[in-house]
Amino acid sequence: MIEIIKVNTRGQGLYEFTTELQHLVSRSGLSEGLCSLLIQHTSASMTIQENADPSAQYDLERWLNRLVVEGDPLYTHTLEGADDMPAHIKAALTSTTLSIPVIDGRLALGTWQGVFCWEHRHAKQQRRIVCHLGG
Amino acid sequence: MIEIIKVNTRGQGLYEFTTELQHLVSRSGLSEGLCSLLIQHTSASMTIQENADPSAQYDLERWLNRLVVEGDPLYTHTLEGADDMPAHIKAALTSTTLSIPVIDGRLALGTWQGVFCWEHRHAKQQRRIVCHLGG
Amino acid sequence: MIEIIKVNTRGQGLYEFTTELQHLVSRSGLSEGLCSLLIQHTSASMTIQENADPSAQYDLERWLNRLVVEGDPLYTHTLEGADDMPAHIKAALTSTTLSIPVIDGRLALGTWQGVFCWEHRHAKQQRRIVCHLGG
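Looking at an unreviewed UniProt entry, chain A carries the name YjbQ family protein, with the source organism given as Amphritea balenae. Taken verbatim from the UniProt record of chain A, the Sequence similarities (unreviewed entry) comment is "Belongs to the UPF0047 family."

Now the structure itself:
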């Protein structure tokens, strides 16, 4: 089964979609299997990270923004805005695809793990994540 | 089939579990398919790396420690120890999930490739890796 | 079904193989499923990136070369050449495995996404990518 999850973003940062993804798994009736994700963008990515304390997500965002700066004189790919080339680099350093086992109808995540869309651009976006569920 | 591999770590560094993973594949009787892994933690991760020369693993560890330092004044997420926020960042930059094809009952790794748990914390830990085997 | 895609590289940079991968999917007759990839090397990796404007690929390469320099006095793993240890680090920071859903016989990539082999060494190489197609 394949479905699309849409995540509406409002600027840079981490947007959790674990609950929506679990709903999709539950609706599918899959008991044991694999949930594979692809985000269909090159200026946003995904990560599985701590979802308990928002300060961890805040620091992740700020650390990555310091590593991959806007306005770097190295960039030649600048026509799509100052946040575009940094977004591609951040996407390359994080995850475009993920594969999460499913046990007893539940995503087999650890206690503190959530699944996030990582938005790297400033403007509002709607991000599409393709979810494949298999046995 | 889904099983859990447990990796006992004794401080930061790379811990290979290729042999244990191959045993799991062999026991399953799977001839051709896909072995998908999820590490259920946000302060440890995984990597597929050279397993021949330990100096490559040593340098990987030291390079990443220099890139993601402890005590960075940027961090606000500091309650769980000086090595906690760097561990989350390192996990985000490396792999939380991996998918390895299986051919003729063997993990289809390259000649020099091993599968490693990458521990980012100093204290001893037991890390859980969920392994899904599918056709 | 499992097949090997071979990518001939001529020095550092991104080498797209989306077309070859789509041909493999088409030949397989798979309508809906998952295409999982493993590159069998530790000094080359993969990425899903923008394939419209070559300047994005050019900047990705130059940015990563500036982050992970050759001749870093930190390295102890130096016997295989000045570009070897940086290649391992770059591989660890990008992707060794990827999983791409297939819909209606097509890789479910976004409009601007291509699949690339990322060569991190200077000499010519032939890189092997194992492709697993499953339901």
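Don't stop here, the text continues.
**Here's the deal with the sheet that holds strand β2 (residues 13-16) of chain B**
Spatial ordering of the open sheet is given by β2-β7-β4 (chain B), a layout of three strands whose pairing is antiparallel. Two strands close off the open sheet at either side, each with one partner strand: β2 and β4 (44-50) of chain B. In this sheet, neighbouring strand axes are inclined to one another by 40° on average, regardless of whether the strands run parallel or antiparallel. As paired elements, β4(B) and strand β7 (residues 113-119) of chain B share seven bridges and run antiparallel to each other. Each bridged residue has a counterpart across the sheet, and for Q49(B) the counterpart in β7(B) is G114(B). Where helix α2 (residues 54-67) of chain B meets the sheet, its contacts fall on β2, β4 and β7 of chain B, and the angle it forms with β7(B) comes to roughly 35°. Across the face of the sheet, helix α3 (residues 84-93) of chain C comes into contact with β4 and β7 of chain B while running at roughly 140° to β4(B).

**Quick look at the pairing of strand β7 (residues 113-119) of chain A**
Residue and element names in this part refer to chain A. Of all seven residues making up β7, seven are buried, and the element is well covered by its neighbours. Burial along β7 is two-sided: Q113, V115, C117 and E119 and G114, F116 and W118, pointing in opposite directions, are all buried. In terms of strand pairing, strand β2 (residues 13-16) meets β7 through four bridges, oriented antiparallel. Note on β7: the bridge partner recorded for Y15 is C117.

**Details of helix α1 (residues 18-28) of chain B**
All names here are of chain B. For α1, the set of buried residues is T18, L21, Q22, L24 and V25. Seen end-on, α1 carries its buried residues on one side only, within an arc spanning 155°. In α1, the exposed positions that point more than 90 degrees away from the buried face belong to T19 and R27. G29, located one to two residues past α1, shows a positive phi value of around 80°.

**Comments concerning the pairing of strand β8 (residues 124-134) of chain B**
Regular strands place their side chains on alternate faces of the sheet. All names here are of chain B. One ladder, built from nine bridges, connects strand β1 (residues 2-10) with β8; its direction is antiparallel. When the sheet's bridge partners are listed, I2 is paired in β8 with H132. Strand direction decides the pairing type here: strand β3 (residues 33-39) and β8, joined by six bridges, are antiparallel. Paired with L34 across the bridge in β8 is G134.

**Digging into the environment of I129(B)**
Residues and elements named next belong to chain B. Among the secondary structure elements, I129 is positioned in strand β8. When the C-alpha positions of I129 and T19 are compared, they lie 14 Å apart, and in sequence the two are 110 residues distant. Every residue in contact with I129, bar those within four places of it in the chain, is listed here: E3, I4, I5, V7, F17, L37, L38, I39, M46 and C117.

Calculation notes
- Residues numbered from 1 in each chain as written.
- Chains lettered and ligands numbered in written order.
- Predicted model: local features only at pLDDT ≥ 70, side-chain atom pairs only at ≥ 80, totals over all residues.
- Heavy atoms only, no water.
- UniProt positions renumbered as here; feature names shortened; annotations may be inferred.
- Pairing = 2+ DSSP bridges.
- Helix = DSSP H or I, 4+ residues; strand = E, 2+ residues; numbered from the N terminus.
- Axes fitted to C-alpha atoms, helices over the stretch in contact; angles between N-to-C directions.
- Contact = heavy atoms within 4.5 Å.
- Buried < 20%, exposed > 50% of the residue type's maximum accessible area, 1.4 Å probe, protein only.
- Arc of directions from axis to C-beta.

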